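Inside the fold
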Amino acid sequence: MAMIRPFLGLATALAMALMLLGNSSVAMAAGIEIREFDDPVMEQRYRDLTGSMRCPLCENQAIDDSDAPISADMRQRVYVLLQDGRADIEIVDHMVQRFGEYILYNPRLENRTYLLWGTPIALTLAGLLLVVLMVRSRRNAAARALSPEERARLNDLINRKRPK
Amino acid sequence: MKRRLLLLLPLVGFLLLALFFYRGLALDPSHRDSALMARDFPAFDLATLEEPERRVDTSLLEGEVTLVNVWGEWCPACKQEMPQLLSLAEQGIRMVGINYRDTREKGLQFLDEFGNPFEVNIFDPEGDLGFELGVYGAPETFLVDRDGVIRYHHTGYISPADVRDTILPEVEKWQ
């Protein structure tokens, strides 16, 4: 029994720590409202849209993850526009018109962003080309026979007498 | 020898990238142009802070170059930039305020305490007009030309140096 007491104490402490942890996570989530959807497709669209837009204020959070007032406003607007039957592209345009391209985690493909989207593809192709060229040159070197001059020089080198 | 030099290619690539990213370190992500630049000031129809019965719309901003300042009583930087805004108003620049996400009582109290450089204050308690303007915090300041087109956007606190170096030259440019 005496042995069990300390363990009981430990268990109580653990339980309390867990409760505290639980409470703090509730407190952190309090900034972000819960929305009910009848339609699971609509819910998924809401999640995708709010997950793909950057909070203009906090810079490194999506609006679905930020408790800045502006993020709440933006979520509300996404929700209203969804209920209004707007297409995803219209909703994204609506936001970009007000807050700029900055809010898009995936920048659109346009003049300004060709380099951004094109560089990885260009580098991959360049790498593949390099590999092909290296393999080919190595294969050529292996297949090539020695010319008579080269053979003579090789023989000379092999048969050369060691200096005494 | 030529092939040897080719081996330096990855190093050169790395150095170029390093230079590019080093430059990026000095950039401030909060300094970006408003999406509304060179566009019409968004349409609105709201009451004024001073008189709840008086409604104003975009015609308020036509005919004269105007600085529109978005502020709220809850915003500390707004209090700090008030002296600069008062001096701008004294220099004869037309100022209009947007009282953003505030209560009437607190807004009026703020003007009593820190001064009122504004010809009129648009009362925007829900932040609707702020949203149309792409406002994501206060203070923010827009320069609107005489045709009601947004010509300059300043996010955040306006320092005396900002007044001298950017605000006044911009106002002059569109005057």
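Throughout what follows, the structure given in this document is the object of discussion. Since we're looking at a predicted model, the values are computed, not measured. (Residues numbered from 1 in each chain as written. Chains lettered and ligands numbered in written order. Predicted model: local features only at pLDDT ≥ 70, side-chain atom pairs only at ≥ 80, totals over all residues.)

Observations concerning the overall build of chain A
We apply this condition: Think of it this way: any DSSP run of H or I at least four residues long counts as a helix, any run of E at least two long counts as a strand, and we number them from the N terminus. To assign burial, the other C-beta atoms lying within 10 Å of each residue's own C-beta are counted, with C-beta atoms placed from the backbone; 20 or more indicates buried, 12 or fewer indicates exposed, and intermediate counts indicate partly exposed. Each residue gets a C-beta atom placed from its backbone, and two residues are in contact if those atoms lie within 7 Å.
Scanning chain A for helices and strands turns up six helices and zero strands. Along chain A, helices (α) and strands (β) appear in the sequence α-α-α-α-α-α when read from the amino end. Relative to its 164 residues, chain A shows a buried fraction of 12%. Across chain A, every contact between residues at least 6 apart in sequence was considered, and the portion connecting residues at least 24 apart equals 37%.

Some words on the overall build of chain B
Using the following cut-off: Our radius of gyration looks at C-alpha atoms and nothing else; its globule reference is 2.2 Å times the residue count to the power 0.38.
Scanning chain B for helices and strands turns up six helices and seven strands. Along its sequence from the N terminus, chain B presents helices and strands in the succession α-α-β-β-β-α-β-α-β-α-β-β-α. Its C-alpha atoms give chain B a radius of gyration of 21 Å, clearly above 16 Å, the size a compact globule of 175 residues would have. In terms of principal-axis extent, the alpha carbons of chain B reach across some 85 × 30 × 30 Å. Long-range contacts, defined as pairs at least 24 residues apart, comprise 74% of the intrachain contacts of chain B with a sequence gap of at least 6.

What to know about the pairing of strand β4 (residues 94–100) of chain B
All names here are of chain B. For clarity, the threshold we go by: Strand pairing requires that DSSP identify at least two bridges connecting the strands. For crossovers, right-handed means that the path from the first strand over the helix to the second runs clockwise, given strands pointing away from the viewer.
Burial runs high along β4: five of the seven residues are buried. Note that strand β3 (residues 66–71) and β4 share six bridges and pair parallel. Bridging across to β4, Trp 71 finds its partner in Asn 99. On the question of chirality, the crossover connecting β3 to the parallel β4 by way of helix α3 (residues 76–90) is right-handed. Bridge analysis of β4 against strand β5 (residues 120–124) gives five bridges, and the strand direction is parallel. If you follow Tyr 100 over to β5, its bridge partner there is Asp 124. Between the parallel elements β4 and β5, the chain passes through helix α4 (residues 104–114) in a crossover that is right-handed.

So, the environment of Ile 70 of chain A
Residue and element names in this part refer to chain A. Tracing the chain through its elements places Ile 70 in helix α3 (residues 69–83). Here Ile 70 falls in the buried class, since 22 other C-beta atoms lie within 10 Å of it. Remark: the alpha-carbon pair of Ile 70 and Cys 58, spanning twelve residues in sequence, is separated by 9.7 Å.

With respect to the sheet that holds strand β6 (residues 140–144) of chain B
Residues and elements named next belong to chain B. To keep it simple, the criterion reads: Helix axes are fitted to C-alpha atoms over the stretch in contact, other axes to C-alpha atoms as well, and angles between N-to-C directions run from 0 to 180 degrees.
Strand order in the open sheet formed by five strands is β5-β4-β3-β6-β7, with mixed pairing between adjacent strands. Each end of this open sheet is capped by a strand with a single partner; those strands are β5 and β7 (150–155). Taken pair by pair, the neighbouring strands of this sheet meet at an average axis angle of 20 degrees, ignoring direction. Across five bridges, the pairing between β3 and β6 is antiparallel. Within the sheet, the bridge partner assigned to Val 68 lies in β6 and is Phe 142. Here helix α6 (residues 160–174) sits on the sheet and contacts β6 and β7; the angle it forms with β7, its principal contact strand, is near 165 degrees.

Section: the interface of chain B and chain A
Going by this rule: Amino acids outside the nonpolar list (Ala, Val, Leu, Ile, Met, Phe, Trp, Tyr, Cys, Pro) and the charged list (Asp, Glu, Lys, Arg) are all regarded as polar, and Gly is one of them.
At the junction of the two partners, chain B supplies ten residues and chain A supplies 13 residues. Tallied by class, the residues present in the side of chain B that touches chain A amount to four nonpolar, three polar and three charged.

Concerning helix α2 (residues 9–25) of chain B
Defined as follows: Expected span, for any helix, means 1.5 Å times one less than how many residues it has.
Between its first and last C-alpha atoms α2 of chain B spans 25 Å; for 17 residues at 1.5 Å apiece the expected length is 24 Å, and the two agree. Burial analysis of α2 of chain B places just zero of its 17 residues in the buried class, a small minority of the element.

Focus on the packing of helix α2 (residues 40–51) of chain A against α3 of chain A
Residues and elements named next belong to chain A. Applied cut-off: Rotating anticlockwise by less than a right angle from the far helix to the near helix defines a left-handed crossing, while the corresponding clockwise rotation defines a right-handed one.
Where α2 meets α3, the axes come as close as 10 Å, and the angle between the chain directions of the two elements is 145 degrees. For α2 against α3, the interelement crossing comes out right-handed. Touching Met 42, Arg 45, Tyr 46, Leu 49 and Thr 50 of α2 are Arg 75, Val 78, Tyr 79 and Leu 82, all from α3. Here the residues of the contact of α2 with α3 sort into six nonpolar, one polar and two charged.

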